[in-house]
Amino acid sequence: MKKIILLIILVGAISTTSLLAQNESGATKMLMSGHAAITAVIDSTQANFNDASFSAIFLYQLSDKLFLESELEFVTDGGSVETGLEHANLVWLIGKNIAFHAGRFVPHFGAYRGKLGEGFMNRFATDPVGFGDGGIGTMEAVGFGFQGGFAAGVSKFNYDFWVSNGPELLTDNEGAGQFEYEAYYDNNKNKAIGGRIGFLPLSNSSLELGLSFENAAKTGDLNTNFENVGVTAMAVDVNYYHKITPLKSTLRITGEFKQQKVDKFNYVLDSEDTITFDNSSSSFYGMVSLRPAYVSSKVLRNFEIALRYSQFKTPDGAPWSYYDENGKSATLNQTSIALDYWLKWNCLAKLCYQMQDGAPDQILVQMYYGF
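Residues numbered from 1 in each chain as written. Predicted model: local features only at pLDDT ≥ 70, side-chain atom pairs only at ≥ 80, totals over all residues. Heavy atoms only, no water.

Chemist: Even after reading the chapter, I still don't get the side chain of Glu168, so can you show me in this structure?
Modeler: Within the fold, Glu168 resides in strand 8 (residues 168-169). As a buried residue without a salt bridge, Glu168 has its nearest oppositely charged side chain in Lys191, at a separation of 9.3 Å. Residues contacting Glu168, with those up to four places away along its chain left out, are Gln178, Phe179, Glu180, Ala183, Tyr185, Asp186, Asn187 and Thr219. (Helix = DSSP H or I, 4+ residues; strand = E, 2+ residues; numbered from the N terminus. Buried < 20%, exposed > 50% of the residue type's maximum accessible area, 1.4 Å probe, protein only. Lys, Arg positive; Asp, Glu negative; His and termini not counted. Salt bridge = Lys/Arg side-chain N within 4 Å of Asp/Glu carboxyl O. Contact = heavy atoms within 4.5 Å.)

Below, the structure written as structure tokens:
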């Protein structure tokens, strides 16, 4: 607890210093934003307020073309307060259509992570299976990259390419063949290369199509027999948002498919047993939401209903894969229904019902506020 208090005091001191610098010289500017959420879960085994989180995001403008973004997160998931540095990214606006950045950042592998799955963009209190921790694809990275966008007639393109410390291959009994994507330090000399290209073909930008990739030729610890195990991943995503005049509503349809392939390797467990499996996995989700935003009733137009289906196909034989009650490898399915209410444009109340293979049906209630 003392460490948390000291961290808050330190952040406050840094923020105050930045504001004073702005007042004295006008050379820098600072903006603080963030978000907070509280989630309750009810099922046949529990009825808990099990996850409270608070994130503070600091944006420092050092000049017209140079700024720093950082995020500190405090969460109670797991029964204790945990703190983490989510982002610390220095950005240089090289030109109108390109920016260079370096530090700890969210690589846009797909559109869910770092975009559609964040905050009130996510109409649900959980992630689709295969898209959260233990899923497919990088979530945070340390390295550098280039991003930007440009117009092509009425259409538009955006891009994000990066070089970063690669994912770390796990070889323990529980996680053999899976990856640690959030490591702050690389375990070998190889780097991961990835990127995403987004295409908005319509003049009103209501539709975006995305294609992502990432490759790491070496993921194992340096100077070990599994150092050269490589992984390749790809993703395609779609995001459609438009006003449906006959229904006086807004419609959003999103979806994403991800696939990951890992080089074959014989994993030796603590029991000295050796396991070998085709380490390929895939996941996808599809979501549709409807909000009667243009009806006359002030209460009704703040409601939104959403439906999401997701699937995670894990490797047959991997210790971290999903197996049915008969011990056979199976595909993990999840179906979620949500009724949301917009208290303000940045404050959302979520009531969700979730059904997932291998877990009891759950009712989730979440309050989310962004500032």
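Having seen the model, we can carry on.
Chemist: Please clarify how the nonpolar core should be interpreted in this entry.
Modeler: Burial of nonpolar side chains together is a common tendency in soluble globular proteins. In terms of nonpolar packing, the biggest core is built from 22 residues, with Leu169, Phe179, Val229, Tyr267, Ile275 and Phe312 touching the most fellow members. Core analysis: the second largest hydrophobic core is formed by 13 residues, Ala111, Tyr285, Met287 and Ala338 among them. (Core = buried A, V, L, I, M, F, W, Y, C linked by side-chain atoms within 4.5 Å.)

Chemist: What am I meant to see in the pairing of strand 13 (residues 249-262) here?
Modeler: Within a regular strand, the side chains alternate between the two sheet faces. Of all 14 residues in strand 13, 10 are buried; the element is thus mostly enclosed. Of the pairings in the sheet, the one linking strand 12 (residues 231-244) to strand 13 comprises 14 bridges and is antiparallel in character. Opposite Ala233, over in strand 13, you have Gln260 as the bridge partner. Linkage of strand 12 to strand 13, two consecutive antiparallel strands, is achieved through a turn of 4 residues, within which Lys248 is found at a positive phi near 50°. As judged from the 12 bridges shared by strand 13 and strand 16 (residues 280-291), these two strands associate in the antiparallel manner. By the bridge assignment, Gln259 is partnered in strand 16 with Ser282. (Pairing = 2+ DSSP bridges.)

Chemist: Sorry if this is basic, but what is going on with empty space enclosed by the protein here?
Modeler: Rolled over the atoms, a probe as big as a water molecule pinpoints where empty space is left. Counting across every chain of the model gives 5 cavities of 30 Å³ or more. Every residue lining the largest cavity is listed: Tyr112, Leu116, Met121, Asn122, Arg123, Phe124, Arg252, Thr254, Tyr285, Met287 and Arg308. Elements with a minimum of two residues in the lining of the largest cavity: helix 2 (112-116), strand 13 and strand 16. Partitioned by chemical class, the residues of the lining of the largest cavity number 6 nonpolar, 2 polar and 3 charged. (1 Å grid on protein atoms, 1.4 Å probe; cavity = no way out; pocket = protein on both sides within 12 Å on 5 of 7 lines; lining within 4 Å. Points joined across faces, edges and corners; volume = space filled by probe spheres on them. Nonpolar A, V, L, I, M, F, W, Y, C, P; charged D, E, K, R; others polar.)

Chemist: Please clarify how the pattern of salt bridges should be interpreted in this entry.
Modeler: Close approach of charged atoms allows side chains of opposite charge to pair. Overall, the coordinates contain 8 salt bridges when judged by the stated rule. With a closest N to O distance of 2.8 Å, Asp237 and Arg196 form a salt bridge. Of this pair, Asp237 sits in strand 12 while Arg196 sits in strand 10 (residues 191-200), and the two are 41 residues apart along the sequence. In this structure, Asp237 and Arg196 share a single accessibility class: buried. Within this structure, Lys115, Arg196, Glu208 and Asp237 form a network of salt bridges that share partners.

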